[in-house]
Every structure is written in structure tokens, then in C-alpha cells.
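For reference, the chains in residue letters:
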Amino acid sequence: MRVWIKDPLAILAEGAEGGIVVHHGRIVELVTRGGRPAGEIDQIYDASRHVIIPGLINTHHHFFQTLTRAHPAAINKELFPWLAALYPIWGRHVTPEAFRLATRLALTELLLSGCTCASDHHYLFPPGLNEAMDIQAEEAARLGMRMTLTRGSMNLSEKDGGLPPDSVVQDEDTILADCERVLSRYHDGAEGAMLQVALAPCAPFTVSKRLMVDTVGLAERFNCRLHTHLGETQDENEYCLAHFGTRPVDYLEECGWLTDRVWVAHGIHFNDDEVHRLGRHRVGVCHCPTSNMVLASGQCRTRELEAAGSPIGLGVDGSASNDNSNLMESVRHALMINRLTYDAASITHLDVLRWASEGSARCLGRDDLGAIKVGKQADLAFYTLDELRFSGAGDPLAALVLCGAHRADRVMVGGQWLVEHGDPIGIDVAKLRHDHGEAAKAFVAAL
Ligand SMILES: [Zn+2]
């Protein structure tokens, strides 16, 4: 079936003003303004009401945190006290069913905002939740979204001087064995893969050096990506200096992590030399503007990092520091915070949309995603400008960002419609809201 997505109101692609042709899940032709596809067409989709952009790609999240949004113990705090307030709560027993609902809810929120590929940095493996990655694989398949399962880890707890409680950490052998199991079962390196796996020690201050080093070896063996939190706060720099005698980037280098296989979350508190070293090694940085503003963590030096060679992607971050999973909202926040860091001319709506698509795809190592070009996967987000907030808008692409698009009208992944008329196909949103809300209440109330 060759489908011509015809005459969009606007599209984020050069030479595709007349639309695009999708065949076997890929973009096979761009149609110029007033033109017709060169090949035969089986179906025409009239996109004259739609602004079309590449499906957004989320490169940092913690789905389980949807169970503890806006928690009274954690609001109005910066990262370390915020973590100290939440770790004892996260250390309670998360049932597989609550985790499943948290995953389904976060993925659905992302999808409705226009996200087609998500990664989730999951690092809590209390007893009974050994199959967290399997649950996430099932939920991504159920929705039809692409996902990078990001197998997190923590092996330093309070007894070792770390922040997390003993109940949520695992020992190194258990962690590495499960990483290998998840990689063998789910990591698909082929073009158009629906599932990939990345390995992701939580942060330099929650894992041992040996685990950092051994994780690199495993990633090289399976040719997968590596991820961790880095440079989120000044507290982290001080902690690393006190405990390891080095700053976080030096520590990362000692562990063999300065490679183009790595993307890090946040990437705020780097000095000039660190920015250049990260760029030289093509280490990707997931910019999380919303979370950084909520926790008052600081401002990512996106311009300098990009100029140095680092891909910049975008992430909503976990739902206790955002506290939503709307990637399109984070695109808008990226524009705003970067205009404070730099100026209005240096950061445009096209920059922030590029970070959330092409830049994020580079962070995840996906050269088959992130742009509307011939040969790329047909992962697309369609927005209408029918809401009041868009009325009177001039430039339709700029309007998505400046007027604050929140919800896609249609979303396509690999040529399949996953959202139509603003609704996710196969998901009862009211039931999901009810079931997740009940699971969250039970989780927060449990001792
Ligand atoms: Zn995070």
C-alpha cells in the first residue's frame, strides 16, 4: 500500500510541500508544492488541516515516577533533597501491575504529545520487579511505539554511603546477568527496529566503578548504547570530588565512558574543557529543560556542546520532576530556557524541534529515525491548529512551539496510525486514568 499524505498545511521537511509517500513503513518520496508522486498511489490521505513534523523522540524519562507526581514530601526542593525525600517512597514495594500501569500511562502521554520513540531510564529493581524490562517491552508493543529499553542499575546504597535505600539496589553479578538477558532477548540492531536496549547505570554516585567499567564491556559485546545521569547539579560535582577525588566528567573518562556510544541526561554543570572533551568524543546530551527548571538545577550549555560536536536530544525526564510526560511541552520549554541562556536570535523553533527529532535520534544511535527524508521510517506527528491557542497564528511550524501545541491529532509509527482524532488506538484513556490513579494511591499509601 503506497499512501500519499497530501498537501499538508505545513511540514518540517525541505521539498515536501506537496506531501510525502509512505510505503512499507518508510518514507519513499517527497512531493514538491503542486506536484504529484512519481509512482503509483493506492491511497491518498488529505493532510490539508495538518502541520506535520517528524515523530518526536524522548531520550530520558523514569516512567515509574508517574506514581509519585507532585508528592507533598518532594515538591519545592532541589535534586539531592528531592531524591532523599522520594527514595524511601520509591523503595516501597512496586507491584508489577502498578509498574505496568505507570509504563502504559507514560507511553500514552508521550504518544499523545507526538512522540513516536521513547527511552525509559529504569533503575529500580526491588524484589518482585525483576521483569520490569519485559513489562516495558510488552507495553511498547501493545501501543505500537518504538522504544529503547534502558536497563538501569544501582549497586551502592545507604550502607555504602550512597543515597538509595538498601531495598532498591542489586549486586553487580545480578545486574550484569539481567543486562545480558535483556540484550539477548530484545536488542534489535536492524534498521526500523521497534525495540532496542541500552545499558544505564543510574548515576556516578549510585553505582560502583567496577560496574561502570564492566557495563562498557557488555555494551561493546552487544553493540548497544550507554546512558547515565551526568552534570545535573553542582551538588553532584561536589559529591564526586569528595568521594572519587575527581569531577564527574573525569570520572566518566576513567571508567571508559567518553565514547560516541554514550548519551547522558541533563549535562549542565560542565566547564569549558569538559564541554570540549564531551564534544570531541561525540557524547550525546539529553537536555531536560522542564525538569531542570522545576528542580532549579541550571541551564544546559546546548550551543557550546553542539558546537563542540555533541548531539543534543530532548527528554521530559521523570514524572516526579516534570511532572508530566508531554514532550511537545518540553520543546517549548527548551526554546524559552535557551533564550534566557543565549538570546532570541540564537535559538529558534527549528532548533528545538530539531533537538527533539534528529538530535534525539542521534543520541539513541538511530539514523533511520528523526527526519522527514526519503529512506527514513515513517514516524510522523500531525497537529491541527484548530484550538483557540492557535487562532491568528502566521507561521504554522513556529505556532506549534510558540502557541504551545500539546496534543497531536494523529500519530504514525512505521506507517501505522497509532493516534487518530486525538485518541490513542486501542487504549481506553478514562480507564487508564482510573486504574493508574488507584495504583498510585495504593503505592503512596503503602508502608
Ligand atoms: Zn533522570
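You'll find the structure just up there.
Sequence positions are assigned chain by chain, starting from 1 and proceeding in written order. Since the coordinates come from a predicted model, pLDDT governs what is reported: local features require at least 70, and pairs of side-chain atoms require 80 or more to be given and counted, while whole-chain, interface and lining totals use all residues. To get the side-chain values, all heavy atoms of the structure are used, and hydrogens and water are removed first.

Novice: Tell me about the packing of helix H11 (residues 327-341) against helix H12 (residues 349-363), and name the residues and values.
Specialist: The description of two helices packed together rests on the angle between their axes and the distance between the axes. Packing of H11 against H12 leaves a shortest axis separation of 9 Å and a crossing angle of 130°. Relative to H12, the element H11 lies oblique. In this structure, H11 crosses over H12, and the sense of that crossing is right-handed. In contact with Met328, Val331, Ala334, Leu335 and Asn338 of H11, H12 contributes His349, Val352, Leu353, Trp355 and Ala356. Of the residues that constitute the contact of H11 with H12, the class distribution is 8 nonpolar, 2 polar and no charged. Each axis is a line fitted through C-alpha atoms, and for a helix only the stretch in contact is used; angles between axes span 0 to 180 degrees, taken between their N-to-C directions. Counting from the N terminus, the helices are the DSSP runs of H or I reaching at least four residues and the strands are the DSSP runs of E reaching at least two. In what follows, roughly perpendicular refers to angles from 65 to 115 degrees, roughly parallel to angles under 35, roughly antiparallel to angles over 145, and oblique to any angle outside these ranges. Helix crossings fall into two classes, left-handed where the near helix is turned counterclockwise from the far one by less than a right angle and right-handed where it is turned clockwise. By definition in these notes, contact holds between two residues if any of their heavy atoms fall within 4.5 Å. The classification used treats Ala, Val, Leu, Ile, Met, Phe, Trp, Tyr, Cys and Pro as nonpolar, Asp, Glu, Lys and Arg as charged, and all other residues, Gly among them, as polar.

Novice: Any chance you could break down the environment of Leu110 for me, citing the residues and the numbers?
Specialist: As for its placement among the helices and strands, Leu110 is situated in helix H2 (residues 96-113). The sequence separation of Leu110 and Phe390 amounts to 280 residues, and the corresponding C-alpha distance is 21 Å. With near-sequence residues (within four places) excluded, Leu110 lies in contact with Asn58, His61, Phe63, Cys115, Ala118, Met145, Val316, Ser325 and Leu327.

Novice: Account for the packing of aromatic side chains, naming residues and giving values.
Specialist: Centres within 6.5 Å are what make two rings of Phe, Tyr or Trp a pair, Trp counting through its six-membered ring; a difference in plane orientation under 30 degrees is then read as stacked, over 60 as edge-to-face, and the rest as tilted. For the structure shown, the criterion picks out 9 aromatic pairs. Summarising the aromatic geometry, the rings of Phe80 and Tyr239 are spaced 6.4 Å apart at their centres and angled 75° between planes, so their arrangement reads as edge-to-face. Of the two residues, Phe80 is situated in helix H1 (residues 79-90) and Tyr239 in helix H6 (residues 234-244); the sequence distance between them amounts to 159 residues. Taken as a pair, Phe80 and Tyr239 share a single burial class, namely buried. Summarising the aromatic geometry, the rings of Tyr87 and Trp90 are spaced 5.7 Å apart at their centres and angled 90° between planes, so their arrangement reads as edge-to-face. With Tyr87 and Trp90 both in helix H1, this residue pair falls 3 residues apart, about one helical turn. Per residue, the accessibility class of Tyr87 equals that of Trp90, and both read buried. A ring has a charge above it when a Lys NZ or an Arg CZ is no more than 6 Å from the ring centre and no more than 35 degrees off the ring normal. Seen from the ring of Phe125, Arg151 lies directly overhead, with NZ or CZ sitting 3.7 Å from the centre. Positioned above the aromatic ring of Trp417 is the side chain of Arg410, whose terminal nitrogen or guanidinium carbon lies 4.1 Å from the ring centre. Exposed residues in this analysis have more than 50% of their type's maximum accessible area, buried residues have under 20%, and partly exposed residues fall in between, with area computed by a 1.4 Å probe over protein chains only.

Novice: Please set out the sheet that holds strand E16 (residues 410-413) residue by residue, giving values where relevant.
Specialist: Here 6 strands make up an open sheet; going across it, the order is E2-E6-E15-E16-E17-E18 and the pairing mixed. The sheet is open, and its two edges are formed by strand E2 (10-11) and strand E18 (423-424), each paired on a single side. By the bridge criterion, 5 bridges tie strand E6 (residues 50-54) to strand E15 (residues 380-384) in an arrangement that is antiparallel. Paired with Ile53 across the strands is Ala381, a residue of E15. Strands pair, by our definition, only if DSSP identifies at least two bridges between them.

Novice: How would you sum up the coordination of the zinc ion? Please name residues and give values.
Specialist: Geometry sets the ideal angles at a metal, namely 109.5 degrees for four tetrahedral donors and 90 or 180 degrees for six octahedral donors. Donor atoms from the polypeptide that bind the zinc ion are His60 (NE2), His62 (NE2), His229 (NE2) and Asp317 (OD), placed at 2.1 to 2.6 Å. Think of the donor list as every N, O and S atom within 2.8 Å of the metal, or within 3.2 Å for Na, K and Ca; water never makes the list, so a site can look incomplete. Four donors are marked tetrahedral only if all angles between them lie between 85 and 135 degrees, whereas four are marked square planar and six octahedral if opposite donors are more than 155 degrees apart and the other angles lie between 65 and 115; the remainder are marked irregular. With 4 donor atoms in place around the zinc ion and angles of 85 to 168° between them, the coordination shape is irregular. Sequence positions of the residues that donate to the zinc ion give the spacing H-x1-H-x166-H-x87-D. A residue pair is termed long-range when its members are at least 10 positions apart, and His62 in the loop between strand E7 (56-58) and H1 and His229 in strand E11 (residues 225-230) qualify at 167 residues. Each of the two residues, His62 as well as His229, counts as buried.

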